[in-house]
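Chains, contacts and geometry: an overview
Residues per chain are reported as follows:
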Amino acid sequence: MPRLSEVITALETLWPAERAESWDAVGTVVGDPEQEVTRVLFAVDPVQEIVDEAVKLGVDLLVTHHPLYLRGTTTVAASHFKGRVVHTLIKNDIALHVAHTNADSADPGVSDALAGALDLRVVGPLVPDPTDPEGRRGLGRVCELDQPLTVRALAARAAERLPATAQGIRVAGDPEAVVRRVAVSGGSGDSLFDQVRAAGADAFLTADLRHHPVSEAVAHSPLALLDAAHWATEWPWCELAASQLDEISDRHGWNLRVHVSKTVTDPWTAHAASTTTDSTGAPN
């Protein structure tokens with residue numbers, strides 16, 4: 001059985017901590033380097049529901065995309081929900097490791113997994129990592145469709161292929177516009193509109209799009225915007241990461257049992273569709 005330190009070393013080869021953004025908080029949060037690891041669980045969020053699932057599965061290591069303490073803390077008291085997560089992990093000998101922006105920019109990374117879920121062919125990073133001489137790492141991905149689709153059809157594909165959430169897929173722009181080139185970025189992406197336009201994309205699929213940036217973007221160009229739930233755009237990475245660790249486990253003869261959580265931790269729980277089809281104006 002490998003020790004935690006050995007598994008973490010392997011994960012660090014996939015997502016080196018030094019490639020995380022300066023503001024990020026990645027790496028091992030909880031865990032004894034000498035403890036043995038037999039089961040691993042991948043998830044997007046280090047929340048109590050996921051930790052309880054880890055306990056139920058009997059895993060030794062939980063790997064999440066989102067950090068537990070992104071902005072630091074002065075307490076891990078169990079009276080606070082994050083402190084309760086820490087207490088549950090330690091009491092059950094479960095380590096926690098985070099790969100966030102270092103997994104976003106990896107090759108393959110979060111946006112590769114998103115593109116794969118949508119059956120898009122990746123042609124390169126949206127924002128290349130200048131330290132990568134091969135030009136494969138970086139934020140987001142620029143992709144091609146094998147056959148052109150309308151924006152409406154691309155949104156329907158995203159709704160079908162990505163995990164179901166209360167939000168679904170929101171669209172800004174002409175639903176009947178033809179799409180050949182698509183940019184994707186897992187997580188929040190409305191800071192990348194300039195790069196998306198420069199890449200010649202017809203559509204951009206990401207998450208957490210805000211009113212004013214979107215209003216300005218659709219006035220600026222015919223670029224279509226598809227807004228999926230943040231959690232849904234990043235969950236495909238869990239499956240990719242699990243398969244990468246499976247391959248490492250096989251190569252080293254570790255015989256790890258690797259799981260992917262299907263627990264929906266998107267914070268939005270319901271959606272009430274508008275009932276009127278009258279587009280003449282807002283209610284008085």
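Please read these numbers as outputs of a predicted model, since none were measured by experiment.

Scoring rules and cut-offs
Residues numbered from 1 in each chain as written. Predicted model: local features only at pLDDT ≥ 70, side-chain atom pairs only at ≥ 80, totals over all residues. Heavy atoms only, no water. Phe/Tyr/Trp six-rings, centres within 6.5 Å; stacked < 30°, edge-to-face > 60°. Axes fitted to C-alpha atoms, helices over the stretch in contact; angles between N-to-C directions. Helix = DSSP H or I, 4+ residues; strand = E, 2+ residues; numbered from the N terminus. Parallel < 35°, antiparallel > 145°, perpendicular 65-115°, else oblique. Contact = heavy atoms within 4.5 Å. Nonpolar A, V, L, I, M, F, W, Y, C, P; charged D, E, K, R; others polar. Pairing = 2+ DSSP bridges. Salt bridge = Lys/Arg side-chain N within 4 Å of Asp/Glu carboxyl O. Buried < 20%, exposed > 50% of the residue type's maximum accessible area, 1.4 Å probe, protein only.

Turning our attention to the packing of aromatic side chains. When we look at a pair of aromatic rings, we describe it by the centre distance and by the angle of the planes. On inspection of all chains with the given rule, the structure shows 3 aromatic pairs. A network of ring pairs unites the aromatic residues Trp15, Phe42 and Trp237 as a single cluster.

Attention now goes to the packing of helix H5 (residues 110-117) against helix H9 (residues 230-252). One way to put it is that H5 packs onto H9 with a least axis distance of 7 Å and a crossing angle of 100 degrees. One finds that H5 runs roughly perpendicular with respect to H9. Note on element contacts: H9 touches H5 through Thr233, Glu234, Pro236, Trp237 and Leu240, opposite Val110, Ala113, Leu114 and Ala117. Taken together, the residues of the contact of H5 with H9 sort by class into 7 nonpolar, 1 polar and 1 charged.

In space, the 6 strands of this open sheet follow the order S5-S6-S8-S9-S10-S7, with mixed pairing throughout. Looking along the sheet, the strands with just one partner apiece sit at the ends: strand S5 (121-128) and strand S7 (170-172). Neighbour-to-neighbour, the strand axes of this sheet turn through a mean angle of 25 degrees, independent of strand direction. As paired strands, S5 and strand S6 (residues 138-150) are joined by 6 bridges and run antiparallel to one another.

For the structure shown, the criterion picks out 12 salt bridges. The salt bridge involving Arg3 is made with Glu6; its shortest N-O contact spans 3.8 Å. Assessed through its relative accessible area of 35%, Arg3 is described here as partly exposed. The closest approach of N and O atoms between Glu144 and Arg181, which form a salt bridge, is 2.6 Å. A residue pair is termed long-range when its members are at least 10 positions apart, and Glu144 in strand S6 and Arg181 in strand S8 (residues 178-188) qualify at 37 residues.

What follows covers the sheet that holds strand S4 (residues 95-98). Spatially, S1-S4-S3-S2-S11 is the arrangement adopted by the 5 strands of the open sheet, whose pairing is mixed. Each edge of the open sheet is held by one strand with a lone partner, namely strand S1 (27-30) and strand S11 (257-260). The average angle at which neighbouring strand axes cross in this sheet is 25 degrees, direction not considered. Taken together, the 4 bridges between strand S3 (residues 61-64) and S4 define a ladder with parallel strand orientation. Along S4, the bridge assignment pairs Leu62 with Leu96.

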